[in-house]
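# Breakdown of the fold
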Amino acid sequence: MSIDSAFEPGGEWADELSELQARRRSALAMGGPEALARFKATGRMNARERIAALVDEGSFHELGTLAGKGHYHADGRYDRTDPTNAIVGTARIDGRKLALHVDDFTIKAGSSEGTIADKWIYIERLAHQLRMPLVRLVDSAGGSVKLLMQIGGTKIPEYTTWPAQDLLNTVPVVGVALGACVGQGAVKVLSSHFSVLVREQAQVMAAGPHVVRQAYGVEVDKNELGGWKAHRKSGLVHNEAVDEADALAQVRRFLSYLPRSVHELAPVLPCDDDPGRADDWLKDAIPHDRRKIYDPRKILDAVFDRGSLFEIGRWQGGSVITMLGRLQGIPVGVIANDPKVAGGAMTLQAATKMERHTRLCSLFGLPVVNLVDQPGNATGLEAELAGTLLGATRLGEALAECRSPWVSILVRRCFGMAGALHGPKGGDRLNHRFAWPSARWGSIPIEGGVMAAHKAEIEAAPDPAAQRAALEAHYLAMTSPFRTAEKFGVLEIIDPRETRRVLCDWVEDAWYVVQGDRGR
C-alpha cells in the first residue's frame, strides 16, 4: 500500500481527505529537495529507495506516516509537516513478511534524538509480538546536544519499552550499517543475528572523531575508527559489502535460511542436486603430507547443495568458517576449520565466532554440520593474554546448551581441549560423528608431543632429525583412525566421496527432529 493514495478526495469529508493527502505528501518529501539532492550527490540511495531495493515490489505498508512536527497557519489550518526521520512498516521478501525500521539521514542526519522514539520502538514491538523478522537499515549520527534545547533538560539514556533482547530471543534480527552508525545507531546494528557494513561508506562506533578528539586529544579518521578495516579486527560486524546493493542482497540471502520466528520452521527449497553426487577429487582433497594445507571452501562447495552456501564472518576468526547452507533443500548451519589461517587453531575470535553461530542455529532450529580439522587452542603469550581459553570455555557452554541436531565429519586433526569442542556432548545428546581416513586425533599432535616426551633422547642421538622422524612414524602408526573405529570410538570411517550421501541421509532425520521440536 503506497502512502501516495490513488483515491480522489470527495464527499462530505473532502477537506479532511485532502489534508490526509497533503500530510502524506509531506512524508514522501522526506528532508526536502535540497537535502535529498545533497544526499544523492554522495552516491547513496535515500531511505525510501533502500526500502524499494530490498523488498518485493509494492509490498511496503508504511506505519506512522503522519508522525512529525506539524506547522499551521494563524487560523489553525494545516500547512505542512516536518516528518520524523524514522520510516517504519511491514513488507515482504520473496513473499515472506518482515518488519522494517529505516533511518532517514536527510532529516537531522538520522539522529536517534531527533526522532519520535515511540515510532521506531512500536515497529520493533510489533515485530516481536507478531513474530516476524526485523530489518534495521541504519544511517544515524547518534545523539545530539541540541536535544537539550528541545526538552529543556536532560534524560536518562534508556528506552524502557524497547524489547531488544526479547526480539533476539524470538525472531531473526538484521542490522545494516549504511552510513555513520554512532551510539544508539551502533547498538541497532550490533543487536542483531546478522549485521553487514558497506565498505568506505559506513562506520559503526561508540562515538565519532569529534568526541574522540575532545576526550583523548587524538585525531582519527571515522573509517579508521569504525569502518570495515576496523571491524575485520574487532569482529563486531559479521559481514562487509562492496556497496549498498550488495548489503541488501546479503540481507535477503540471510533471511532465506531462517524461519519467521523461533516458533516456525525455516523454509525448505526444491532441490535437484543428486544426494548421491560424489566428486571424485574429494578422495585426494586432504594432502597426504600432514604439513601441507588445502582449501576447505572447495570441499564444502562439493558437499552441500550447489550454490547454497552463504558465509558469515569470513574476515574475523578466520581459522573457523561459519556458513549457512542446504542439504536436499533443507537449511543447515555449517562449521569448518581453515588450516590456511593460524593453522586452523582455536583463537579467541574463532571461539567467539563459533559460539555465536552455534547459538544462532540452536535458536532457529537449524541442524549443524561440522567439518573438523582442529589442531587445538592457539598457544603462546599473545593467545594467553587474549584470554583464548575463556573463549573456548564459553564455546563449550554454548555447545552444551545447543538443541540442534549435530553431525561432525572429522577430516584431518582433532586435538586437545579445542578438538573436544567439535560438537555437543551430554547424556541425552548423540555425539554423531564420522571420519575420513585422513583424520587423526588425541590429546596432543604427534609432532609436538614427540619432541616434548622424547627431547633428551632426540638431542642425544647421533642424528637427531632421523631419531625424531623415527619416533613420529612409530607413534603415527598407532593413531590410525581405523584403530579407533575398532573400539567404536568413531561411528564410521567413510570414503570422502561418500560425504554428501551420508549427510543427505542424516539431514532427513535431523529435520524430522526439528519439526517435532517446533510442534509440526
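Now for a description of the structure that goes with this document. (Residues numbered from 1 in each chain as written. Predicted model: local features only at pLDDT ≥ 70, side-chain atom pairs only at ≥ 80, totals over all residues. Heavy atoms only, no water.)

### Topic: the environment of Arg 356
Put simply, the rule reads: Under the DSSP-based scheme used, a helix requires at least four consecutive residues in state H or I and a strand at least two consecutive residues in state E, with every element numbered from the N terminus. Burial classes: relative accessible area under 20% of the type maximum marks a residue as buried, over 50% as exposed, and values in between as partly exposed (1.4 Å probe, protein chains only). Residue contacts are defined here by distance: any two heavy atoms, one from each residue, within 4.5 Å place the two residues in contact.
Here Arg 356 is to be found in helix α13 (residues 348–364). Taking the relative accessible area as the measure of exposure, Arg 356 reaches 32% and is therefore partly exposed. A sequence separation of 42 residues divides Arg 356 from Ala 398, and the C-alpha atoms of the two residues are 8.3 Å apart. Ignoring sequence-local partners within four residues, the contact set of Arg 356 consists of Gly 235, Leu 236, His 238 and Gln 316.

### Quick word on the nonpolar core
Selection rule: Here, nonpolar core means buried Ala, Val, Leu, Ile, Met, Phe, Trp, Tyr and Cys residues that are tied together by side-chain atoms lying within 4.5 Å of each other.
Among the nonpolar cores identified, the biggest contains 95 residues, and Leu 100, Val 135 and Phe 254 are the most heavily contacted of them. Among the elements that line this core, the one with the most residues is helix α21 (residues 499–517), at 8 residues. Residues in contact with Val 135, not counting those within four places in the same chain, are Leu 54, Leu 98, Ala 99, Leu 100, His 101, Val 174, Val 176, Val 251 and Leu 255. Core analysis: the next-biggest nonpolar cluster, separate from the first, contains 11 residues, Ala 99, Leu 126, Met 132 and Leu 134 among them.

### Here's the deal with the packing of helix α3 (residues 47–54) against helix α11 (residues 244–255)
The condition that has to hold: An axis is simply a line fitted to the C-alpha atoms; with a helix, the fit covers only the stretch in contact. Between two such axes, the angle follows the N-to-C directions and lies from 0 to 180 degrees. What sets the label is the angle itself: under 35 degrees gives roughly parallel, over 145 gives roughly antiparallel, 65 to 115 gives roughly perpendicular, and the rest give oblique. Handedness of each helix crossing follows the sense of rotation of the near helix against the far helix: counterclockwise by less than a right angle gives left-handed, clockwise gives right-handed. Gly falls in the polar group here, along with every residue not listed as nonpolar (Ala, Val, Leu, Ile, Met, Phe, Trp, Tyr, Cys, Pro) or charged (Asp, Glu, Lys, Arg).
Here α3 crosses α11 at 45°, and the two axes come no closer than 10 Å. Classified by the interaxial angle, the pair formed by α3 and α11 is oblique. Read as a crossing pair, α3 and α11 show a hand that is right-handed. In this structure, α3 contributes Arg 50, Ala 53 and Leu 54 to the contact, and α11 contributes Glu 244, Leu 248, Val 251 and Arg 252. Of the residues assigned to the contact of α3 with α11, the class counts are 4 nonpolar, no polar and 3 charged.

### Here's the deal with the pairing of strand β3 (residues 78–83)
Note the following rule: By the convention used here, strands pair only if DSSP detects at least 2 bridges between them.
For strand β2 (residues 68–72) and β3, the ladder comprises 5 bridges, and the chain directions are antiparallel. Its bridge partner being in β3, Gly 70 is matched across the sheet by Thr 81. Following β2, the chain reverses through 5 residues before pairing antiparallel with β3; Gly 76 in that reversal takes a positive phi of roughly 90°.

### Some thoughts on the environment of Val 189
Within the fold, Val 189 resides in helix α7 (residues 184–190). Judged by relative accessible area, Val 189 falls into the buried class, the value being 0%. Distance from Val 189 to Leu 178, taken between C-alpha atoms, is 9.8 Å for residues 11 residues apart in sequence. Those residues in contact with Val 189, other than ones at most four positions away along the chain, are Val 138, Gly 175, Val 176, Ala 177, Cys 181, Ser 195 and Val 204.

### Let's talk about the state of the cysteines
Selection criterion: Working definition: a disulfide is two cysteine sulfur atoms within 2.5 Å of each other.
One pass over the full model with this rule turns up 0 disulfides. Here Cys 402 is not cross-linked by a disulfide; its sulfur's nearest cysteine counterpart is in Cys 361, at 7.3 Å. Using a relative accessible area of 1% as the deciding quantity, one classes Cys 402 as buried. Between Cys 504, a free cysteine, and Cys 271, which holds the nearest cysteine sulfur, the sulfur-to-sulfur gap is 7.2 Å.

### Points about the pairing of strand β16 (residues 432–435)
Relative to β16, strand β15 (residues 406–415) runs parallel, the two sharing 4 bridges. Its bridge partner lying in β16, Ile 409 is registered against Phe 434. Where β16 and strand β18 (residues 492–493) come together, 2 bridges link them in parallel fashion. Each bridged residue has a counterpart across the sheet, and for Ala 435 the counterpart in β18 is Ile 493.

### As for α11
Using the following cut-off: Here the expected span of a helix is defined as 1.5 Å times the quantity of residues minus one. Summarising the geometry, the arc corresponds to the directions from the helix axis toward the C-beta atoms. Throughout this description, a polar contact denotes any pair of N or O atoms lying within 3.5 Å of each other; where both atoms belong to protein, one of them has to be capable of donating a hydrogen while the other can accept it, and for residues adjacent in sequence the pair is counted only when both atoms sit in side chains.
With 12 residues, α11 ought to run about 16 Å at 1.5 Å a step, and its terminal C-alpha atoms sit 17 Å apart, in line with that. Within α11, burial applies to Glu 244, Ala 247, Leu 248, Gln 250, Val 251, Phe 254 and Leu 255. One face of α11 carries all of its buried residues, which in axial projection span an arc of 155°. At the N-terminal end of α11, a side-chain oxygen is found 3.3 Å from the backbone nitrogen of Ala 245, two or three residues along, and the residue is Asp 243.

### Considerations on the pattern of salt bridges
Just so we agree on the cut-off: Whenever a carboxyl oxygen of Asp or Glu lies within 4 Å of a side-chain nitrogen of Lys or Arg, that contact is scored as a salt bridge.
Evaluation of the coordinates by the stated rule reveals 27 salt bridges. Between Arg 297 and Glu 311 there is a salt bridge whose closest N-O contact spans 2.9 Å. On the criterion of sequence distance, the pair formed by Arg 297 in helix α12 (residues 296–303) and Glu 311 in strand β11 (residues 310–311) is long-range, its members being 14 residues apart. Classification of Glu 311 by relative accessible area gives buried; the value is 16%. Here Glu 355 makes a salt bridge to Arg 359, at a shortest N to O gap of 3.2 Å. Of the two residues, Glu 355 and Arg 359 are both situated in helix α13; the distance of 4 residues between them amounts to about one turn of the helix. It is possible to trace a salt-bridge network through shared partners that takes in Asp 273, Arg 277, Asp 279, Asp 305, Arg 306 and Arg 500.

### Concerning the environment of Arg 412
When you line up the elements, Arg 412 lands in strand β15. For Arg 412, a relative accessible area of 5% gives the class buried. Engagement of the side chain of Arg 412 in a polar contact is seen with the backbone oxygen of Pro 287, the distance being 3.5 Å.

### Thoughts on the packing of aromatic side chains
Under the convention used in this document: Here a pair means two rings of Phe, Tyr or Trp (six-membered ring of Trp) with centres within 6.5 Å. Their orientation is stacked below 30 degrees between planes, edge-to-face above 60, and tilted elsewhere. Counting as a charge over the ring demands two things of the Lys NZ or Arg CZ atom: a distance within 6 Å of the ring centre and an angle within 35 degrees of the ring normal.
Scanning the model with the defined rule gives 6 aromatic pairs in all. Ring centres of Trp 120 and Trp 162 lie 5.2 Å apart, and the angle between their planes is 85°; this geometry places the pair in the edge-to-face category. Remark: Trp 162 occurs in the loop between α5 (147–151) and α6 (164–168) and Trp 120 occurs in helix α4 (residues 117–129); sequence separation between them is 42 residues. Neither residue differs from the other here; Trp 120 and Trp 162 are each classed as buried. Cation over ring: Arg 232 sits above Trp 315, and NZ or CZ is 3.9 Å from the ring centre. Its end group placed over the ring of Trp 315, Arg 314 keeps NZ or CZ at 5.5 Å from the ring centre.

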